[in-house]
Amino acid sequence: MKPRNICVIGLGYIGLPTASTLASKGNHVLGVDINSEIIDTLSKGEIHIHEPGLKHVVQHAIESKCLEVATVARPADAFIIAVPTPFKEEEFGEFNGLKFKLADMRAVISAAESIVPHLKKGNLVILESTSPPRTTCDLVAPILERSGLKAGSDFHLCYSPERVLPGQIMQELIENARVVGGITKESAQAGQDLYEIFVTGRILKTDATTAEMVKLMENTYRDINIAIANEFSRLAEKFGVDVWEAVSLANLHPRVKILEPGPGVGGHCISVDPWFLVEAAPELTPLIIHSRLVNDGQPNYVVEKLIRSIGSIRNKRIAALGLAYKPDVDDLRESPAVEVVRLLQHGGAQVTSWEPFKPEAALEGIKMATSFEEAIQEAEILILLVKHTDFRSLIATEVAQHTHARIALDTVNGWAGEDWRSAGFTYIRLGDHGS
Ligand code: SAJ
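Report on the accompanying structure. Only a predicted model underlies this, so the values are computations on that prediction, with no experimental measurement involved.

It is worth spelling out the overall build of the protein at this point. Within the protein, the regular secondary structure consists of 16 helices and 16 strands. Relative to the compact-globule value of 22 Å for 435 residues, the protein shows a C-alpha radius of gyration of 23 Å, a close match. In terms of its C-alpha atoms, the protein occupies a principal-axis envelope of roughly 70 × 50 × 45 Å. Of all 435 residues assigned to the protein, the portion counted as buried reaches 55%. Contacts in the protein between residues at least 24 apart in sequence constitute 72% of all its contacts with a sequence separation of at least 6. Roughly 19,200 Å² of accessible area belongs to the protein as shown, and the carbon and sulfur atoms make up 53% of that amount. If the 43 positive side-chain charges of the protein are averaged to one point and the 56 negative ones to another, these points end up 2 Å apart.

Helix packing for two helices is described by the angle between their axes and how far apart those axes are. Helix α11 (residues 286-310) packs onto helix α8 (residues 208-238) with a crossing angle of 35 degrees between their chain directions and a minimal axis gap of 9 Å. Two packed elements cross with a definite hand, and for α8 against α11 that hand is left-handed. Every residue of α11 that contacts α8 at T220, D223, I224, I226, A227, N230, E231, S233, R234 and E237 is listed here: L287, I288, S291, R292, V294, N295, G297, Q298, Y301, K305 and R308. When the residues that make up the contact of α8 with α11 are grouped by side-chain class, the tally is seven nonpolar, seven polar and seven charged.

Bringing the pairing of strand β16 (residues 426-429) into the picture now. A regular strand carries its side chains on alternate faces of the sheet. With four bridges joining them, strand β15 (residues 407-410) and β16 adopt parallel strand pairing. Among the inter-strand pairings, D410 is bridged to a residue of β16, identified as R429. In this fold, β15 hands off to helix α16 (residues 417-422), which returns the chain to β16; that crossover is right-handed.

Scanning all chains against the criterion turns up zero disulfides. Cysteine C137 shares no disulfide, and the gap to the nearest cysteine sulfur, in C158, comes to 11 Å. Judged by relative accessible area, which is 29%, C137 ranks as partly exposed.

With that settled, consider the side chain of E51. With respect to the element layout, E51 can be found in the loop between α2 (36-43) and α3 (54-63). Although E51 is buried, it forms no salt bridge, and the closest oppositely charged side chain is K326 at an N-O distance of 8.2 Å. A polar contact of 2.9 Å, which involves the side chain of E51, links it to the backbone nitrogen of I169. If near-sequence neighbours (up to four positions away) are discounted, E51 is found in contact with P166, G167, Q168, I169 and M170.

The subject of this paragraph is a nonpolar patch on the surface. Among the surface-exposed residues, I228, F232, L235, F239 and V241 lie close enough to one another that they form a single nonpolar patch of about 420 Å² accessible area. Locating F239 in the fold gives a position in the loop between α8 and α9 (243-250).

Turning our attention to unusual backbone geometry. Backbone geometry places E334, a non-glycine residue, at a positive phi of 55 degrees. In this structure, N413 is a non-glycine residue whose phi angle is positive, near 55 degrees. For N413, the location among the structural elements is in the loop between β15 and α16.

Our next topic: the environment of R421. Here R421 is to be found in helix α16. In this structure R421 comes out as partly exposed when scored by relative accessible area, which is 39%. Distance from R421 to I34, taken between C-alpha atoms, is 51 Å for residues 387 residues apart in sequence. Polar side-chain contacts of R421 include one of 3.3 Å to the backbone oxygen of Y427.

Okay, the pattern of salt bridges next. Summed over the entire model, instances satisfying the criterion amount to 22 salt bridges. R429 serves as the salt-bridge partner of D432, at 3.0 Å between the closest nitrogen and oxygen. Of the two residues, D432 and R429, both sit in the buried class. A single network of salt bridges, built from pairs that share partners, joins K101, D223, R292 and D296.

Take the site of the ligand next. Around the ligand, the structure places 20 residues, and the nearest of them are E162, V164, K215, R222 and Y325. In the model, an oxygen atom of the ligand is placed 2.5 Å from a nitrogen or oxygen of the Y325 side chain. Calculation on the ligand without its partners gives an accessible area of 770 Å², and the protein chains cover 86% of this total. Sort the elements by how many residues they give to the shell around the ligand and α8 lands first, with five residues. Of the residues in the shell around the ligand, the class split is nine nonpolar, three polar and eight charged.

So, about the packing of aromatic side chains. The description of an aromatic ring pair uses the distance of the two centres, along with the angle that the planes make with each other. Scanning the entire structure with this criterion turns up three aromatic pairs. Relative to F198, the ring of Y195 has its centre 6.0 Å away and its plane inclined at 65 degrees; by these criteria the two rings are edge-to-face. Across the pair, F198 and Y195 agree in class, each one buried. We note K99 situated over the ring of F92; from NZ or CZ to the ring centre the distance is 4.3 Å. Directly above the aromatic system of F425 lies the positively charged group of R406, at a separation of 5.4 Å from the ring centroid.

Once that is clear, we can look at the sheet that holds strand β12 (residues 350-354). Strand order in this open sheet of six strands is β13-β12-β11-β14-β15-β16, and the pairing throughout is parallel. The strands lining the two open edges of the sheet, one partner per strand, are β13 (367-368) and β16. Note: strand β14 (residues 381-384) against β15, four bridges, orientation parallel. Paired with L384 across the strands is D410, a residue of β15.

Cut-offs used in this document
- Throughout this document, residue positions are counted from 1 along each chain, in the order its sequence is written.
- Only residues with pLDDT of at least 70 get local features here, since the model is predicted, and only at 80 or more are side-chain atom pairs given and counted; chain-wide, interface and lining totals rely on the full set of residues.
- Only hydrogens and water are removed before side-chain values are computed, so all heavy atoms of the structure are retained for them.
- Under the scheme used here, helices are H or I runs from DSSP no shorter than 4 residues and strands are E runs no shorter than 2 residues, and both carry numbers assigned from the N terminus.
- As defined in this context, the radius of gyration uses C-alpha atoms, and a globule is described by 2.2 Å times the residue total to the power 0.38.
- Note on classification: 1.4 Å probe, protein chains only; a residue is buried when its accessible area is under 20% of the maximum for its type, exposed when over 50%, partly exposed between these limits.
- Two residues form a contact once any of their heavy atoms are found within 4.5 Å.
- Using a 1.4 Å probe, accessible areas were evaluated by the Shrake-Rupley method; residue-level cover was limited to the displayed protein chains.
- Residues scored as charged are limited to Lys and Arg (positive) and Asp and Glu (negative), so that His and the chain ends carry no count.
- A charged residue contributes its charge at one atom only: NZ of Lys, CZ of Arg, CG of Asp or CD of Glu.
- Every axis in this analysis is a line fitted to C-alpha atoms, fitted for helices over the stretch in contact. Angles between the N-to-C directions lie between 0 and 180 degrees.
- Handedness of each helix crossing follows the sense of rotation of the near helix against the far helix: counterclockwise by less than a right angle gives left-handed, clockwise gives right-handed.
- Residue polarity is assigned by list, with Asp, Glu, Lys and Arg as charged and Ala, Val, Leu, Ile, Met, Phe, Trp, Tyr, Cys and Pro as nonpolar; anything else, Gly included, falls into the polar class.
- In this scheme, strands are said to pair when DSSP sees at least two bridges between them.
- Look down the strands so they point away from you; if the path from the first strand over the helix to the second goes clockwise, the crossover is right-handed.
- Here, the term disulfide refers to a pair of cysteine sulfur atoms separated by no more than 2.5 Å.
- Within this document, salt bridges are pairs made up of a side-chain nitrogen of Lys or Arg and a carboxyl oxygen of Asp or Glu, the two lying within 4 Å of each other.
- Any N or O atom pair separated by 3.5 Å or less is treated as a polar contact, with the protein-specific requirement of one donor-capable and one acceptor-capable atom, and with residues adjacent in sequence counted only for side-chain atom pairs.
- In this analysis, a patch consists of residues with relative accessible area above 30% that form no salt bridge, clustered at 9 Å for like charges and at 5 Å for the nonpolar side chains Val, Leu, Ile, Met, Phe, Trp and Tyr.
- For this description, a residue counts as near a given molecule or strand if any of its non-hydrogen atoms is within 4 Å of it.
- The criterion for an aromatic pair is that two Phe, Tyr or Trp rings (for Trp, the six-membered ring) have centres within 6.5 Å, with stacked assigned to planes under 30 degrees apart, edge-to-face to planes over 60 apart and tilted to the rest.
- A positively charged side chain is recorded as over a ring if its NZ (Lys) or CZ (Arg) lies within 6 Å of the ring centre. The angle to the ring normal must also be within 35 degrees.

This is the structure we're talking about:
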């Protein structure tokens, strides 16, 4: 039997799309978030995040009364936990002199605790938040069992990782393959029954810890592959090679797919999740630790490259183009672009930032422009930090008419160097020789 009353805890980038998609299939869904501002916004039919296609689905779900929102949970047939698992800001682990970050599981703990008073026999609980290995069995199950019910016999418990790409969430949520790990076979089956409500991709059943590992392996694999691309960008510069040309030639090999270098790795997933494996077993993860350090060091490398190219940046007026963690999203979490801006400021530069997807961003100590024109007008240097579609389509000759700047640093290979050079700019590109 498929659950009809579903409670989704956490209405962020995953919880809100999941809750509204389930509601759009005619289920009665209660979306819960502890942030009352989010609940107020959603109650008015507005949304607090930018994700193509999401607003329409949410509005429709709220209007049809299939989606209700509240700050506290209520009894339901199934509970889905989709809360953030960031890392701790001030506490670190250490292994052989290397510092590593630790998972902050407080949101998962309080989400699980909020279910306890409502848990009934036959319920299904699914954890979707990216979590260290064994979280479902060793952390979530004991909390839920405070209800007096036994996980796996009185209620079903699963881990099912979300795997959607921000910017394409509404489509990938439905079409991507789903891994559902149950603490028992029956739990996995109950999880599959729930996802069959809206998933058209394959649904694959396994155990909970395997499902946790799958998620962490996917993001760690990507992090390591971006780290090697970033390391190649440094090597290319050292040897007078254009990394972008070298990567495109290497990628002609049928079994090679090198990713793109850039100013670093951001977002709430890839820059965070590999640490969960490190924390669980630092003695087994030297490659993962060092890849994280390479990617975390890339903003500093960008600033060093600028200084190597033009000399001191002290008192230089710089326009930073893009603060999001990747193209065409409004998400600034763990963004390497923000880190580059902070490091430039630390080096004495006067930076004005322009983020078209979040012009109202209020980041401590960061000066935001209200338009692209305002950001570049008084600048001496332009730095392209995010390959937003809008930035890629800028025409160098037109930009030149609106700014004093004649230096352009492109950290993402977003512009055609020749165009910028012929428009009178000294064009510098990350991973490029001769600059
Ligand atoms: N990046 C590079 N070079 C590249 C690709 C990405 O520097 O060639 C950078 C991006 O600019 C960004 C960061 O890496 O700063 C991460 O971006 P991303 O597009 O690789 O990934 P996310 O964090 O937006 O989404 C990932 C996805 N995981 C994988 O591709 C394995 C997504 O499927 C997951 O659902 C998501 O993490 C998540 O929620 O865990």
